[in-house]
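Single-letter residue listing:
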Number of protein chains: 2
Amino acid sequence: MYHKESASGSNPTLPRGVLAAVLTPMDEDLTPDHKAFTAHCLRLLAAGCHGLAVFGTTGEGTSLSTDERLAALEALVENGVSGEVLLPGTGSCALTDTVRLSRAALEVGAAGVLVLPPFYYKDTGDDGLFRFFAEVVERVGDDRLRLYLYHIPQMTGIDLGLPLISRLIEAYPGVVAGTKDSSGDRERITTLCREFPDFSVLAGTETLLLDTLRSGGEGCISATVNVTSRLARRVHDAHAAGRDDEAEALQKRLTELRASIEGYPMIPALKRLMAELTGDEVWRNLRPPLSGLDEKRAKDLLSGLPLSELL
Amino acid sequence: MYHKESASGSNPTLPRGVLAAVLTPMDEDLTPDHKAFTAHCLRLLAAGCHGLAVFGTTGEGTSLSTDERLAALEALVENGVSGEVLLPGTGSCALTDTVRLSRAALEVGAAGVLVLPPFYYKDTGDDGLFRFFAEVVERVGDDRLRLYLYHIPQMTGIDLGLPLISRLIEAYPGVVAGTKDSSGDRERITTLCREFPDFSVLAGTETLLLDTLRSGGEGCISATVNVTSRLARRVHDAHAAGRDDEAEALQKRLTELRASIEGYPMIPALKRLMAELTGDEVWRNLRPPLSGLDEKRAKDLLSGLPLSELL
């Protein structure tokens, strides 16, 4: 049972700063490669990531079965990735899957869970969406739960509007703890930071990292951080130290790097980059409906990027 | 392993005629109620349905975990519903879930499986979609597989275009056996029937039942058939017997009945009707994000329908 009283209040372990939306390396048979996955997570932490959002859009989370997500999560923790830095995607169209995945995330000590709205049915209204998230909180039934609303309408076709977010925060203060906002809408992010001061706002792209931090948000969770984490961390640290001009210059370079990748299908492009940067063929595999980048586009991508600045 | 040669040729057990997109009754804790589910399936067959498409959009299939779908499928067959009449929805964003569900459907002797395209990622292109369905066929690896492509762009945001369908039929003739087309687009259905004569075309609404049969299609799979199966069957039988005027008159009445329900959220309205018609409270429960019809709208719905003509 969820207890309103004990869940509220600030939580120092809440995800903040630079989080990678971690790619999931897969074997040739398209099974997550736990060894390469762990190595990549540890490398991202060493490169400056504060946290790791695994099994999000970039991590092909919805392309994995619940059992596959559970096995990969357990493998990460067993192999030395601390649960505290993890923000696993536990979203699913099926309430029962989200509950099962969220409980498992708590069991490994995850900092929070990133939850998509159920994305099959459209136009079900705020009441249905509220009821979904409320059932997740009630069924997980653990005051340690920190639920992040994952707003990515270009994939889900679902708008998590401010009235719904407000209603969820009011019902479950401290537990409905934040959001990853992948709308790319600077205005919306600023509004969220202003309207909900005790709610953690993380932008879905590092292009908005400095803007979000300046608006009082917590940072970003981004796909491209798989290869830009060192620079993204420097933006964060310069801002935290009050070195505004430096932060701005670094953000400009970070935005340029991101822009060099944005013209390509994001997940195929990032996996192709990882294959190049690590020399590991495991990065060439994607689960359908995603496909690898064709060689012509891969060549364009690689020739347009300063590889030594990445990873 | 899939063998091209042995899969082709006509299959007398392919689903055809009037199929219900079966509702899934749920207990108060939102678990599928196997007893009420079986009773409903047997009642639909007794009322004239040729087949039962369980776990589709109407059956809240994507709101159930894979384990829940498997348990409900097994319960149906154990309790006396013949596998031959079943066309279970086995679609999922996760390839491995679709494979597991499709294998289980074959194990209970299902006539076929109804497979959504993976619906999280958008704009991945025909190559990615082709690869998804191809991997399903290859991984199920059973010549008895009869895969129906489930086209419902208003939920999935994915267009299964004719070039993709053509490519799949060519790669897996007889195995990629048909489609449920929920576009509501009469022209598209006619084109599918004409372009792919050995491919089973089932319309997603009984409004198009007679049109589809006259175009050479196989029939319909429809949500409202949960309550209109007797009349829908009479349309089918009048057409089959060449009684064209009678078929047309019956279709007109069937279309009117459907129209009386179409102004309401479909699945909530149908569950509310089932609660009224059976007196069983189990029909009042829906998994979020779906919600029950509010009482005012329920009253409108019930007062506008000739309940004695239904079920």
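Worth saying up front: this structure is predicted, and the values here are computed from it rather than measured.

What should I look at first to understand the overall build of chain A in this one?
Regarding its fold elements, chain A presents 13 helices and seven strands. Computed over its C-alpha atoms, the radius of gyration of chain A comes to 18 Å, within 12% of the 19 Å expected for a compact globule of 311 residues. Its C-alpha atoms put chain A at 55 × 50 × 40 Å along the principal axes. Within chain A, buried positions represent 61% of all 311 residues. Sequence separation of at least 24 residues holds for 72% of the intrachain contacts in chain A that already meet a minimum separation of 6. Total accessible area on chain A is roughly 11400 Å²; 49% of this is exposed by carbon and sulfur atoms. Once the 32 positive and 44 negative side-chain charges of chain A are each reduced to a mean point, those two points are 2 Å apart.

Explain the relation of the copies chain B and chain A to me, please; I cannot follow it from the model alone.
Between the two copies of this chain, the relationship is a rotation about some axis together with a displacement along it. Its rotation angle being 180°, the transformation that places chain B on chain A also includes 0.0 Å of axial translation and leaves an RMSD of 0.0 Å. Here the copies are linked by what is in effect a two-fold axis. Residue by residue, 100% of the interface of chain B is reproduced at the interface of chain A, so both copies engage with the same surface.

Help me understand the sheet that holds strand 6 (residues 200-203) of chain B, please; the structure alone is not making it clear to me.
The strands making up a sheet associate through backbone hydrogen bonding, with each pair oriented either parallel or antiparallel. All names here are of chain B. Reading across from one edge, 2-1-7-6-5-4-3 is the order of the seven strands in this open sheet, with parallel pairing throughout. Edge positions in the open sheet fall to strand 2 (51-53) and strand 3 (113-115), since each of these has one partner strand only. Within this sheet the neighbouring strands show an average axis-to-axis angle of 30°, counted without direction. Looking at chain direction, strand 6 and strand 7 (residues 219-222) are connected through two bridges and run parallel. Bridge pairing in strand 7 places Ala203 opposite Cys220. On top of the sheet, helix 5 (residues 125-140) reaches strand 3 and strand 4 (147-151); it is set at about 155° to strand 4, its chief contact.

Explanation requested: the packing of helix 11 (residues 244-262) of chain A against helix 12 (residues 266-278) of chain A in the structure shown.
Any two packed helices are characterised by how steeply their axes cross, that is the angle between the axes, and by the distance between the axes. Residue and element names in this part refer to chain A. Packing of helix 11 against helix 12 leaves a shortest axis separation of 9 Å and a crossing angle of 110°. Classified by the angle between their axes, helix 11 and helix 12 sit roughly perpendicular to one another. Taking contact as the criterion, the partners of Arg258, Ile261 and Glu262 in helix 11 are, on helix 12, Met266, Ala269, Leu270 and Leu273. Here the contact of helix 11 with helix 12 is built from residues that sort into five nonpolar, no polar and two charged.

Explain the interface of chain B and chain A to me, please; I cannot follow it from the model alone.
Accessible area lost upon the coming together of the parts is a frequently used measure of interface size. Across the contact, 44 residues belong to chain B and 44 residues belong to chain A. Interface of chain B and chain A: buried area, both sides summed, is about 3300 Å²; carbon and sulfur atoms make up 57% of it. It is B:Tyr120, B:Tyr121 and B:Pro289 in chain B that bury the most area against chain A; as a group they hold 25% of the surface buried on that side. Run the count over chain B and chain A and you get 16 residue pairs in polar contact (both at pLDDT 80 or more). For the side of chain B that touches chain A, the elements supplying multiple residues, two or more each, are helix 3 (66-78), helix 4 (95-107), helix 5 and helix 6 (153-156) of chain B. Ranked by the residues each element gives to the side of chain B that touches chain A, the list is headed by helix 5 of chain B, at seven residues. Here the residues of the side of chain B that touches chain A are counted per class, giving 20 nonpolar, 12 polar and 12 charged.

So, how was this worked out
- Residues numbered from 1 in each chain as written.
- Chains lettered and ligands numbered in written order.
- Predicted model: local features only at pLDDT ≥ 70, side-chain atom pairs only at ≥ 80, totals over all residues.
- Heavy atoms only, no water.
- Helix = DSSP H or I, 4+ residues; strand = E, 2+ residues; numbered from the N terminus.
- Rg over C-alpha atoms; globule rule 2.2 N^0.38 Å.
- Buried < 20%, exposed > 50% of the residue type's maximum accessible area, 1.4 Å probe, protein only.
- Contact = heavy atoms within 4.5 Å.
- Areas by Shrake-Rupley, 256 points an atom, 1.4 Å probe, with all protein chains shown as cover.
- Lys, Arg positive; Asp, Glu negative; His and termini not counted.
- Charge placed at Lys NZ, Arg CZ, Asp CG, Glu CD.
- Least-squares fit on C-alpha atoms with pLDDT ≥ 70 in both.
- Pairing = 2+ DSSP bridges.
- Axes fitted to C-alpha atoms, helices over the stretch in contact; angles between N-to-C directions.
- Parallel < 35°, antiparallel > 145°, perpendicular 65-115°, else oblique.
- Nonpolar A, V, L, I, M, F, W, Y, C, P; charged D, E, K, R; others polar.
- Buried area = accessible area lost by both parts, 1.4 Å probe.
- Polar contact = N/O pair within 3.5 Å; in protein donor to acceptor, adjacent residues only side chain to side chain.

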